[in-house]
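Descriptive structure summary
Next come the chains, spelled out residue by residue.
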Amino acid sequence: MGALFKVFVGTSVYFPTEKMIYKEARGRSIIANYNGFNHKELAVKYNMLESYIRAIINKHKKSA
């Protein structure tokens, strides 16, 4: 039998999609580059809406 099967038999295993991995990394980068005032600059840099940048930042603030 395969090695993965032996290790994970009977359990649920989640493998994130490549898109989700990049999305999480992008979010961390946005938070790291956020200075409290540069919503618009980040939106341009990441080709996103300013409101989505704000949503990422607000989500981070709530979880911190």
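The structure presented is a predicted model; accordingly, all values stated were derived computationally and were not measured.

Structural notes on the layout of surface pockets
- In this model, the largest pocket occupies a volume close to 300 Å³.
- Together, Met-20, Lys-23, Glu-24, Arg-26, Gly-27, Arg-28, Ile-31, Tyr-52, Ala-55, Ile-56, Lys-59 and His-60 line the largest pocket.
- Sorting the residues of the lining of the largest pocket by element identifies helix 2 (18–33) and helix 4 (50–63) as the ones contributing at least two each.
- Among the elements that line the lining of the largest pocket, the one with the most residues is helix 2, at 7 residues.

Overview of the pattern of salt bridges
- One pass over the full model with this rule turns up 1 salt bridge.
- A salt bridge links Arg-54 to Glu-50, with the shortest nitrogen-to-oxygen separation between them at 3.2 Å. With Arg-54 and Glu-50 both in helix 4, this residue pair falls 4 residues apart, about one helical turn.
- Overall, the relative accessible area of 31% leaves Glu-50 in the partly exposed class.

Some words on the environment of Val-44
- Within the secondary structure, Val-44 is located in helix 3 (residues 39–45).
- Here Val-44 falls in the exposed class, since its relative accessible area comes to 65%.
- On a C-alpha basis, the gap between Val-44 and Lys-23 in space is 16 Å, while along the polypeptide they are 21 residues apart.

Considerations on the side chain of His-39
- Tracing the backbone shows His-39 in helix 3.
- Residue His-39 is classed as buried on the basis of its relative accessible area of 10%.
- Aside from chain neighbours lying at most four places away, what touches His-39 is Tyr-34, Glu-50, Ile-53, Arg-54 and Ile-57.

Here's the deal with the nonpolar core
- Grouped together as the largest cluster of nonpolar side chains are 8 residues: Ile-30, Leu-42, Ala-43, Tyr-46, Met-48, Ile-53, Ile-56 and Ile-57.
- Where this core is concerned, the elements lending two or more residues are helix 3 and helix 4.
- At 3 residues, the largest contribution of residues to this core is made by helix 4.

Remarks on the confidence of the model for the protein
- Across the protein, pLDDT averages 92, with 98% of residues at or above 70.
- Model confidence for the protein, summarised as mean pLDDT per element, is weakest for helix 1 (residues 3–8) at 84 and strongest for helix 3 at 97.

Basis of the calculations
Residues numbered from 1 in each chain as written. Predicted model: local features only at pLDDT ≥ 70, side-chain atom pairs only at ≥ 80, totals over all residues. Heavy atoms only, no water. 1 Å grid on protein atoms, 1.4 Å probe; cavity = no way out; pocket = protein on both sides within 12 Å on 5 of 7 lines; lining within 4 Å. Points joined across faces, edges and corners; volume = space filled by probe spheres on them. Helix = DSSP H or I, 4+ residues; strand = E, 2+ residues; numbered from the N terminus. Salt bridge = Lys/Arg side-chain N within 4 Å of Asp/Glu carboxyl O. Buried < 20%, exposed > 50% of the residue type's maximum accessible area, 1.4 Å probe, protein only. Contact = heavy atoms within 4.5 Å. Core = buried A, V, L, I, M, F, W, Y, C linked by side-chain atoms within 4.5 Å. pLDDT = per-residue confidence, 0-100.

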